Each structure stands twice: as C-alpha cells, then as structure tokens.
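# Breakdown of the fold
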Amino acid sequence: MEKIEYDYPAGAPAAQRVLTGVVGSGDLEVLLEPHDAGRTTVAVNTSVDGMKQVWSALLARVFASAELPACKIEINDFGATPGVVRIRIEQALEALREQAVEGQRS
Amino acid sequence: MNVDDLLQRASFIELDARSRARALLDAGSMRELIGPFDRVTSPWLAMQGIVTQSDDGVVVAKGTVDGHPTVVLSMVGEFQGGSLGEVGGAKIAGALELAAEDNRNGTPTRAAILFETGGVRLQEANLGLAAIAEIHAAIVDLRRYQPVVGISAGTVGCFGGMSIAAGLCSYLIVTREARLGLNGPAVIEQEAGVEEYESRDRPFIWSFTGGEQRYESGLVDACVEDDVAQIRQTLGGYFRQGVPPIHRSDRQEDFLACMAQIDTTRQATPEQIRQLYRKGLS
C-alpha cells in the first residue's frame, strides 16, 4: 500500500461533501469535502505500489488545468485503471455541480 | 419476467449498498449513521497493508418504511467480499441493539438487513467472529418486539457466520441470483474434494445453494424478482405481518430431522432435497 499527497490551486470552497465509488477490485472510492478557498488537496491511498508518476500526471490533468472548487479529497484505490480513476473523480465533481444547481432552484 | 418487464423494472442488484437502503426507505426519510465522512475505518486492514473503505463496508441507514421507524443495515459486497470485521460488525450489532432499546422505550423500530457477505473478515478473525455473535444475540433480542427482515439480493449472497444471522431473521427474502450457505463453494471444494463439489460448476452450485432452491426447501420465505418495487413491497408486507408466531430458527429439530434422512452414500439431486424438506417441514 502506498500513500501519496498532492496540493493544487483552486477557486471558492466546494459547497458540500460528495462520495463516489467503492473500494472493490479495479475500482476506488472518492471522498470529497470542502476546503479553504484557493487550495485543493488530494490524498491517495492505493493498493498498487510504484505508480506515483501515473497518479501525478492524471491528477495534474484534472486539477491543474481548470479552476475547480476548493476541495479536500481522499482517494482509496483498489487497483483502478487511470480511466476509472478519472471517471470517479469527474463523477464526484459532477455531483457537486448538480447539487449546487439544485440548491439554487430550491 | 418477459422482455418488457425486464426493460421497465428498476434492478435492485445493480444499486450500490447506500442506494439500496435509500430505495427501501420512504423517500427523503433516510439518515445515515456513522457515515463515510465520520471515517470510522478498520484499524486492522491498514496494519496489514490493505486499503480501507470509509464506511468499512456497512451502511447504517435510519428512516421510515410506510411511515414506521426502521433501520436498514446494508452490506457492501464489493469491499473485501462483503466480509465482516470489527467496525462493520459493531455498526450492525450496535444499530440492532439500539432498535431493541427503542422498542423498550416505546418506539416500535423494525430492522432490515441486506446480506451481501462472505462472512467473517479473515484479517480480523476473532474480532469479526465476536461481532457476528453480537449480531446474532441482537437479532434474537429485537425480533421479540418487531420483525427483523433479512434480504439477500446477490450477487455475493450470504455465507459464513452471517448465514446464521440470516437464519435467525423473522423473515428472509432472496432473489434467484442470491446464494445462501454456511460454507462457500471454494471452501467446500477444498475440504471435500473436487469430485464432491466443483466450485466452478455454476449451475450445480446455484442448483443447491441458489435463492430458488432455498425457497423451495423452506429455508427462506420469499424468492422475488430483481426489482426494487417488488422487494420493497415484500419487505413492507412482512413488516405489516409483524412478529411470526414461530421463528424458523425455533424449528431446528424439524430441519435436523430432514437432514438426517438424506442418503449421503450417493449424490443427492436438488429435487430430492426440495421434496425431503417440504415433507419434513409441512
């Protein structure tokens, strides 16, 4: 098991908490919580050792390229492929956006 | 189920553990206790280099079914095979104990347990087994006041010490995809030999331990389609029926008498088992 931590610039704090995925074979769990404005942290716990370069490249592509809400993210990974990791993170960010829209309506 | 029904139905099996609990409770009534963000995770898995899950594979959901207070305990079959360790076990046992306490204090709380489990988590063996014993005791305590309904939808099924917990439930609901047994197929094959029990022969395994066979043998109360509405309806029906006059587990002598009649010198067929149990239990 390997633990890797990352830090990225971000926008305003995320509005709420979101959970996606499951720690099952080839899958992962993403826990997303609001963070202080301007900063997103990602803590990865993965069952597969020696994949730090892949994690760095993948997460940089998601978090360094766009202005996203400031979140504290924890990832519990059970051997997911990079594609699955990206989908689970996008799913969490999408749920965040959808809940924000619902909040504005009500 | 015909093609139209198949396309229209909402699958229960395809829902994750949290969505299953939400689907069974009245809309908007679900409140999760000791949720994933409370981060009460297994301290033992991490020490053994295994990634933990934030809810330790058990969802404790409080809410109402048809307006009555209900607690739903939903197991995550995908995480470590739905195995039960110290934390997950304590969540289930604690929730059942609190429900019994509610009943003693005048709030008639019922419980549903969604079994997707291979039984005890080997990495936490003794603590997991102790927790399962606590769950057994808590089911027997609570079922005096209100029904405890077990549901095993699949595809993991229900094995090990938790199959005993399923046997202690007031009512048990399964689908054809579910399997129910004390030992899993791989364990039986390892102990008895491949000639006796071929764990990869799926039709053979399901013909003996699958939901339909268990229903026909009187070991479960209902075998339903993989459909949210049907499972919800069946659950509501059992809650309305209330505590059964005799629990299945009180009929252990009848079941043992059936088992004693099985001719173990030759391979039994699923049909023989059904007839034997039907005759012995009627």
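To start, this report covers the structure provided alongside it. (Residues numbered from 1 in each chain as written. Chains lettered and ligands numbered in written order. Predicted model: local features only at pLDDT ≥ 70, side-chain atom pairs only at ≥ 80, totals over all residues.)

### Focus on the overall build of chain A
Applicable threshold: By definition, any uninterrupted DSSP run of H or I lasting at least four residues is a helix, any uninterrupted run of E lasting at least two residues is a strand, and each is numbered from the N terminus. A residue is called partly exposed when the number of other C-beta atoms within 10 Å of its own lies between 12 and 20, exposed at 12 or fewer, and buried at 20 or more, with C-beta atoms placed from the backbone. Here, residues touch in the contact sense if the C-beta positions derived from the backbone fall within 7 Å of one another.
Across its full length, chain A holds 2 helices and 5 strands. Each helix (α) and strand (β) of chain A, taken in turn from the N terminus, gives the series β-β-β-β-α-β-α. With the C-alpha coordinates of chain A rotated into their principal frame, the extents come out at 45 × 25 × 20 Å. Considering chain A as a whole, with its 106 residues, one finds that 30% of them fall into the buried category. Pairs at least 24 residues apart make up 84% of the contacts formed inside chain A by residues separated by at least 6 positions.

### Here's the deal with the sheet that holds strand 3 (residues 27–34) of chain A
Residues and elements named next belong to chain A. Our working definition: By this definition, two strands are paired if DSSP reports at least two bridges between them. Comment: axis = line fitted to C-alpha atoms, over the contacting stretch for helices; angle = value between 0 and 180 degrees taken between N-to-C directions.
Judged by pairing direction, the sheet is mixed, and its 5 strands sit side by side in the order 1-4-5-3-2 without closing on themselves. Of all the strands in the sheet, the pair left with one neighbour each is strand 1 (2–9) and strand 2 (18–21). Averaged over all neighbouring strand pairs, the angle between strand axes comes to 10 degrees, with direction disregarded.

### Quick look at the interface of chain A and chain B
As a reminder of what qualifies: Ten residue types, Ala, Val, Leu, Ile, Met, Phe, Trp, Tyr, Cys and Pro, are classed as nonpolar, four, Asp, Glu, Lys and Arg, as charged, and the remainder, Gly among them, as polar.
Taken together, the contact pairs 16 residues of chain A with 12 residues of chain B. Where the side of chain A that touches chain B is concerned, the elements lending two or more residues are strand 3, strand 4 (39–46) and strand 5 (71–78) of chain A. Per-element tally for the side of chain A that touches chain B: the top contributor is strand 3 of chain A, with 4 residues. Looking at the side of chain A that touches chain B, its residues break down into 6 nonpolar, 5 polar and 5 charged.

### Let's talk about the nonpolar core
Residues and elements named next belong to chain B. Using the following cut-off: Defined on buried residues, the nonpolar core groups Ala, Val, Leu, Ile, Met, Phe, Trp, Tyr and Cys residues joined through C-beta atoms within 7 Å.
By size, the foremost hydrophobic cluster in this structure holds 87 residues, and its most contacted members are Leu73, Leu96, Val149, Ile173 and Leu235. In terms of residues, this core owes the most to one element, helix 4 (residues 86–104), which gives 8 residues. If sequence neighbours within four positions are ignored, Leu96 has contacts with Ala111, Ile135, Ala138, Ile139 and Leu142.

### Here's the deal with the packing of helix 11 (residues 252–260) of chain B against helix 12 (residues 270–281) of chain B
Residue and element names in this part refer to chain B. Filter applied, for reference: Our angle categories are set so that under 35 degrees counts as roughly parallel, over 145 as roughly antiparallel, 65 to 115 as roughly perpendicular, and the remainder as oblique. Should the near helix be turned anticlockwise from the far one by less than a right angle, the crossing is left-handed, and should it be turned clockwise, the crossing is right-handed.
Where helix 11 contacts helix 12, the axes come no closer than 9 Å and their chain directions differ by 140 degrees. In terms of axis orientation, helix 11 runs oblique to helix 12. Crossing of helix 11 over helix 12 shows right-handed handedness. Along its contact with helix 11, which presents Asp254, Ala257 and Cys258, the element helix 12 presents Leu276, Tyr277, Gly280 and Leu281. Residues belonging to the contact of helix 11 with helix 12 are distributed by class as follows: 5 nonpolar, 1 polar and 1 charged.

### Focus on the sheet that holds strand 1 (residues 31–33) of chain B
Residues and elements named next belong to chain B. With respect to topology, 7 strands assemble into an open sheet ordered 1-2-3-4-5-6-7, the strand pairing being mixed. Both edges of this open sheet fall to strand 1 and strand 7 (222–224), since each of them pairs with a single strand only. Recorded for the sheet is a direction-independent mean angle of 25 degrees between the axes of neighbouring strands. Of the strand pairs in this sheet, strand 3 (residues 68–75) and strand 4 (residues 110–114) are connected by 5 bridges, and their pairing is parallel. In the strand pairing of strand 4, Val72 is matched with Ala112. Sitting on the sheet, helix 2 (residues 17–24) is in contact with strand 2 (58–65), strand 3 and strand 4, with an inclination near 160 degrees to strand 3.

### Re the pairing of strand 2 of chain B
Residues and elements named next belong to chain B. Most of strand 2 sits inside the fold, with 6 of its 8 residues counted as buried. Across 3 bridges, strand 1 lies against strand 2 in antiparallel orientation. What sits directly across from Arg31, in strand 2, is Lys62. Hairpin connection of strand 2 to strand 3: 2 residues between the antiparallel strands, including Asp66 at a positive phi of 50 degrees.

### With respect to the packing of helix 4 of chain B against helix 5 (residues 125–142) of chain B
Residue and element names in this part refer to chain B. Where helix 4 meets helix 5, the axes come as close as 8 Å, and the angle between the chain directions of the two elements is 15 degrees. Judged by the angle between their axes, helix 4 and helix 5 are roughly parallel. Where helix 4 crosses over helix 5, the handedness of that crossing is left-handed. Each of Glu86, Gly89, Ala90, Ile92, Ala93, Leu96, Glu97, Ala99 and Ala100 in helix 4 lies in contact with helix 5, whose residues at this interface are Leu127, Gly128, Ala131, Ile132, Glu134, Ile135, Ala138, Ile139, Asp141 and Leu142. Residues of the contact of helix 4 with helix 5, tallied by class, amount to 13 nonpolar, 2 polar and 4 charged.

### Remarks on unusual backbone geometry
With omega at 10 degrees, the peptide bond leading from Gly154(B) into Thr155(B) counts as cis. Here Thr155(B) is to be found in the loop between strand 5 (148–152) and helix 6 (161–168).

### Looking at the pairing of strand 6 (residues 171–175) of chain B
Residue and element names in this part refer to chain B. As a reminder of what qualifies: Seen with its strands pointing away from the viewer, a crossover is right-handed if its path from the first strand over the helix to the second goes clockwise.
With respect to burial, strand 6 is a largely interior element, 5 of its 5 residues being buried. By the alternation rule, side chains of strand 6 split into Tyr171, Ile173 and Thr175 and Leu172 and Val174, which are all buried. With 4 bridges connecting them, strand 5 and strand 6 associate as parallel partners. Bridging from a neighbouring strand, Ile151 pairs with Ile173 of strand 6. Crossover strand 5 to strand 6 through helix 6 is right-handed. Alignment of strand 6 against strand 7, held across 3 bridges, turns out to be parallel. Its bridge partner being in strand 7, Thr175 is matched across the sheet by Val224.

### Points about the environment of Tyr215(B)
All names here are of chain B. Position of Tyr215 relative to the elements: it lies in helix 9 (residues 211–216). Residues Tyr215 and Gln272, spaced 57 residues apart in sequence, show a C-alpha to C-alpha distance of 14 Å. Residue contacts for Tyr215: discarding those within four places in its chain leaves Val174, Val220, Ala222 and Cys223.

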